[in-house]
Amino acid sequence: MSIRPKMPQQAPEGRITNFDEVALGYTEEQAILEAERCLECKNPKCVEGCPVNIDIPGFISKIKEGDFQEAITIIKATNTLPAVCGRVCPQEEQCEKLCILGNKSEPIAIGRLERICADREREVGVKDPVVAPSTGKTVAIVGSGPAGLTAASDLAKVGHSVTIFEALHEAGGVLIYGIPEFRLPKAIVKEEVDYIRKLGADIKMDYVIGRILTLDQLTDRFDAVFLGTGAGLPKFMGIEGENLNGVYSANEFLTRVNLMKAYNNSFDTPIKRASNVIVVGGGNVAMDAARSALRLGADEVSIVYRRSDEELPARREEIEHAKEEGIVFRLLTNPVRIIEGENMSVNGVECVRMELGEPDESGRRRPEVVEGSEHIVDADIVIMAIGTSPNPIIFDGSKGLEVTPWGTIVVDEAGMSSIEGVCAGGDAVTGAATVISAMGAGKLAADTINKYLSK
Amino acid sequence: MAYKIIEKRQLVPDVHLMNIQAPDVAAAAKAGQFIILRIDEAGERIPLTIADYNADEGSVTIIFQEMGKTTKQLAKMSAGEELLDFVGPLGKESEIEKLGTVVLVGGGVGIAPIYPQAKEYRAAGNKVISIIGARNKDMLILEAEMIAASDEVLVATDDGSKGHHGFVTDLVKQLLDGEEHIDRIVAIGPPIMMRAVADVTGPYDVETLVSLNPIMVDGTGMCGGCRVNVGGEVKFACVDGPEFNAKDVDFNLLMSRLSFYRKEEADAITKSQKGCGDDCKCQ
Ligand SMILES: Cc1cc2nc3c(=O)[nH]c(=O)nc-3n(C[C@H](O)[C@H](O)[C@H](O)COP(=O)(O)OP(=O)(O)OC[C@H]3O[C@@H](n4cnc5c(N)ncnc54)[C@H](O)[C@@H]3O)c2cc1C
Ligand SMILES: Cc1cc2nc3c(=O)[nH]c(=O)nc-3n(C[C@H](O)[C@H](O)[C@H](O)COP(=O)(O)OP(=O)(O)OC[C@H]3O[C@@H](n4cnc5c(N)ncnc54)[C@H](O)[C@@H]3O)c2cc1C
Ligand code: SF4
Ligand code: SF4
Ligand code: FES
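Analysis parameters
- Residues numbered from 1 in each chain as written.
- Chains lettered and ligands numbered in written order.
- Predicted model: local features only at pLDDT ≥ 70, side-chain atom pairs only at ≥ 80, totals over all residues.
- Heavy atoms only, no water.
- Phe/Tyr/Trp six-rings, centres within 6.5 Å; stacked < 30°, edge-to-face > 60°.
- Helix = DSSP H or I, 4+ residues; strand = E, 2+ residues; numbered from the N terminus.
- Buried < 20%, exposed > 50% of the residue type's maximum accessible area, 1.4 Å probe, protein only.
- Lys NZ or Arg CZ within 6 Å of the ring centre and 35° of its normal.
- pLDDT = per-residue confidence, 0-100.
- Contact = heavy atoms within 4.5 Å.
- Near = heavy atom within 4 Å.
- Nonpolar A, V, L, I, M, F, W, Y, C, P; charged D, E, K, R; others polar.
- Pairing = 2+ DSSP bridges.
- Salt bridge = Lys/Arg side-chain N within 4 Å of Asp/Glu carboxyl O.
- Polar contact = N/O pair within 3.5 Å; in protein donor to acceptor, adjacent residues only side chain to side chain.
- Areas by Shrake-Rupley, 256 points an atom, 1.4 Å probe, with all protein chains shown as cover.
- Buried area = accessible area lost by both parts, 1.4 Å probe.

Some words on the packing of aromatic side chains
Then, number 1: Taken as a whole and assessed by the stated rule, the structure comprises nine aromatic pairs over all chains.
Then, number 2: On the basis of an interplanar angle of 50° and a centroid distance of 6.0 Å, the ring pair of Phe19 of chain A and Phe182 of chain A is categorised as tilted. Taken together, the residues Phe19 of chain A in the loop between α1 (12–15) and α2 (28–36) and Phe182 of chain A in the loop between α10 (174–177) and α11 (186–198) connect sequence positions 163 residues apart. Exposure class is identical for Phe19 of chain A and Phe182 of chain A. Each is buried.
Then, number 3: Put simply, the rings of Tyr248 and Phe253 of chain A together with Phe260 and Tyr261 of chain B pair up and form one aromatic cluster.
Then, number 4: Taking the ring centre of Tyr195 of chain A as reference, the NZ or CZ of Lys76 of chain A above it sits at 4.8 Å.

Points about the confidence of the model for chain B
Detailed conclusions should not be drawn from predicted coordinates in areas where pLDDT is low.
Residue and element names in this part refer to chain B.
Then, number 1: The pLDDT averaged across chain B works out to 90; a share of 95% of its residues lies at or above 70.
Then, number 2: Averaged over each element, pLDDT in chain B is lowest for helix α9 (residues 262–274) (74) and highest for strand β3 (residues 34–38) (96).
Then, number 3: In the model, residues 277–283 has pLDDT below 50 throughout and makes nine contacts with residues more than four positions away in sequence or in other chains.
Then, number 4: For this predicted complex, the interface confidence comes out at an ipTM of 0.90, alongside a pTM of 0.91.

Remarks on the site of ligand 4
Then, number 1: With respect to spatial proximity, the complete set of residues near ligand 4 consists of Cys38, Leu39, Cys41, Cys46, Pro57, Cys99, Ile100, Ile108 and Ile110 of chain A.
Then, number 2: Here the shell around ligand 4 is composed, by residue class, of nine nonpolar, no polar and no charged.

Brief notes about the sheet that holds strand β7 (residues 82–83) of chain B
Residue and element names in this part refer to chain B.
Then, number 1: With respect to topology, five strands assemble into an open sheet ordered β5-β6-β2-β1-β7, the strand pairing being antiparallel. One side of each edge strand has no neighbouring strand; the edge strands of this open sheet are β5 (52–54) and β7.
Then, number 2: In terms of strand pairing, strand β1 (residues 3–12) meets β7 through two bridges, oriented antiparallel. Note that in β7 the partner of Tyr3 across the bridge is Leu83.

Concerning the pattern of salt bridges
Then, number 1: Applying the stated rule across the entire model yields 52 salt bridges over all chains.
Then, number 2: Look at the salt bridges and you will find they share partners, linking Arg15, Arg183, Asp288, Arg291, Arg295, Arg315, Glu317, Glu318, Glu324 and Glu325 of chain A into a network.

A short note on the site of ligand 1
Residue and element names in this part refer to chain A.
Then, number 1: Val88, Ala147, Glu166, Arg183 and Ile209 are the nearest of the 37 residues found near ligand 1.
Then, number 2: A distance of 2.9 Å separates an oxygen atom of ligand 1 from a polar backbone atom of Asp427.
Then, number 3: With respect to ligand 1, the backbone of Val435 contributes an N or O atom lying 3.0 Å from an oxygen atom.
Then, number 4: Alone, ligand 1 offers 1,000 Å² of accessible surface; in the complex the protein occludes 95% of this.
Then, number 5: Among the secondary structure elements, those contributing two or more residues to the shell around ligand 1 are α9 (146–157), α14 (284–295) and α17 (435–453).
Then, number 6: Considering every element that reaches the shell around ligand 1, the biggest residue donor is α14, with three residues.
Then, number 7: Looking at the shell around ligand 1 residue by residue, the classes come out as 20 nonpolar, 12 polar and five charged.

A closer look at the interface of chain A and chain B
Then, number 1: Taken residue by residue, the interface counts 39 residues in chain A and 47 residues in chain B.
Then, number 2: On the chain A side of the interface with chain B, the three residues burying the most area are Arg211, Asn243 and Asp268 of chain A, jointly 19% of the side's total.
Then, number 3: On inspection of chain A and its partner chain B, the count reaches one salt bridge.
Then, number 4: In this structure, Asp268 of chain A and Lys69 of chain B form a salt bridge, with 2.7 Å as the shortest nitrogen-oxygen distance.
Then, number 5: Inspection of the region where chain A meets chain B yields 16 residue pairs in polar contact (both at pLDDT 80 or more).
Then, number 6: Secondary-structure elements contributing two or more residues to the side of chain A that touches chain B are β5 (233–234), β6 (247–249) and α13 (250–259) of chain A.
Then, number 7: Top element by residues in the side of chain A that touches chain B is α13 of chain A. It accounts for four residues.
Then, number 8: A class-by-class count of the residues in the side of chain A that touches chain B yields 19 nonpolar, 12 polar and eight charged.

Written as structure tokens, this is what we have:
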């Protein structure tokens, strides 16, 4: 049975000393070889698994012919950020999960094929976009993450005048401040943002909606609004010692490293370089924080996660990469207290062992504490990666925007919020999710806004 | 977008005033709020209080003390040059209402954030008594402005070179023990001063507010780096504050968190003084 070619990557010993990309991407030969395996199903299951329904057999058939240019055109008809999705989509849960070949052998490496098409296009130079004549309508987009960028791009293409407002000093949302360089080079995000500028969108950085202008002022000044404000408010556990020096939220740690380039000596951003780092959590965010800490020079970095390996929510590829790099996995373990050392700083973490009991409402087996299993793990830095909730600042000075008790924005099936003409989507609506689902929501909202504006 | 420095002057040694062209920020600014600036691509994001703003001219005034790498670099810039980023207004505005008599206490560069509050408290119909302090008379900033903005100004210097010889807290205590009923005290300055004011007003039944200055990154509630303990609860100073009820604040935690990067900050200074290049590994 045929299997997919192995992805060329930086060897673990070398890569833990730099922030360069780990997965290097297929060569053209490998891509064509892999494309050859695709059956080009008449009723392709893979497409159903992709939240933006890319014509997967369509673009793969172009790769078989070696026509990467045509392949990317097909992809871009539905996905504006293929270089990003090809790298960070949880493919094994989406398109690749449903690929028919997965039943007997390995599914087609759809993400990797998507990636090479986007990378080839960047190498030859992206064609300038064709923009429809101006409609005279104005749309404000709040937040420049994948949801906002996708909505902006779809709305600008049809001729609306689009202004993006972004609180940080760079556009891209989590793609810029959260996901590290070694997984998603920032140059790629910058190019995607430049492309959206070429479509005519104006991006205002350093612009916090809820402070400099309120949502109510935006609705007065623009014909329609899209809220793609994400879920960036970090959660803490509420355990003893959590405010000690050396306890970071993953957001702070990753923002210092990625957005503020603390790993680069020529930047001013301070970050603590520690010997023992503990990262609490088991998702992509935890893997990214752990692998970043390792690259900053820590002697030992461990992931502390209360369930077992099987339940780790991160992408499999990232878990494998983390293990290859020597990240220690302390599974079925939970912190109960952070121990204070000198000058109110972290000196260790008291943990308990857990065992999995009966399944809970989510269907996952509930972790329960093993009596008497308290033990202390050395640490001088603790990073909390246990989740985030929606950014709340947008709600300051907005009347009538309905939100759930969890702070997520309520929208109807078309993405419209309780305020007419204001759509929302992405993590701000769903809570922390994925890049591609945020993009799907941005697309849907753009469509809804477009219909609303042509009424 | 770049933000032009319209005016720059030194107020006293190591303390500078800058007027920055930032029309949208100026239009939205309120007393008690702050901005975060970044000088250039490699720069840190540092928070500074809005010391004044002029919506008509589109300008925002900041007053800063040279502390480390970024503020020293800022001090070297002059009118006509531009800052790369200037985000604001951030934080909650002060809740300024008519209360009666309000005492405003400013220590050192903390007089700068007290100044717009003095103007607004008075505009709201309060009697404003300001207590301003510095190490010595040559380090005292905004005295004339504070006199213009207050009903009464009391000065304290550590060395007695002007006004009361001693700390601002001595004057606060005198007022509290005096005849006049005081409805609110707002104290802004170094954490150690704010803690001292909280200690003095603690036994009295008078509302005391302080403006906290923990280390910040984004200023929008996204990193949690600015968390402070107020009344046993964790608050993010950038969105829940920066003003809090002094009696509930855990000042020890605030001070210890402020010193977290002391070594990294010292290294940054040495490195910039030595003029090491980008790839320097001398640390
Ligand atoms: C470390 C990390 C790793 C991840 N890894 C993956 C992965 O491998 N695969 C995957 O699919 N997903 C991953 N995710 C999740 C994914 O990044 C998010 O689901 C996605 O970015 C959500 O997009 P969004 O556009 O809704 O919001 P965001 O990307 O969060 O963007 C929101 C933007 O809005 C801005 N904003 C917020 N409030 C305001 C305001 N009031 N005014 C102006 N601007 C505002 C914010 O500054 C931000 O830039 C990861 C997330 C993190 C944190
Ligand atoms: C809401 C707020 C308002 C402030 N207003 C003023 C003001 O009006 N005038 C003024 O002179 N100063 C003000 N500060 C303090 C000012 O931000 C710091 O002095 C400045 O960041 C020091 O940077 P540096 O690189 O020059 O010094 P560094 O060498 O980096 O640090 C010197 C000291 O400044 C503090 N500091 C460092 N980085 C930060 C940061 N990112 N955020 C907060 N504190 C930091 C730490 O205590 C540190 O030990 C304010 C701080 C806050 C949080
Ligand atoms: S966008 Fe994501 S889910 Fe869709 S085909 Fe590409 S990798 Fe698969
Ligand atoms: S399901 Fe698999 S084999 Fe079939 S078209 Fe999709 S990728 Fe190709
Ligand atoms: S500065 Fe990041 S949450 Fe306050």
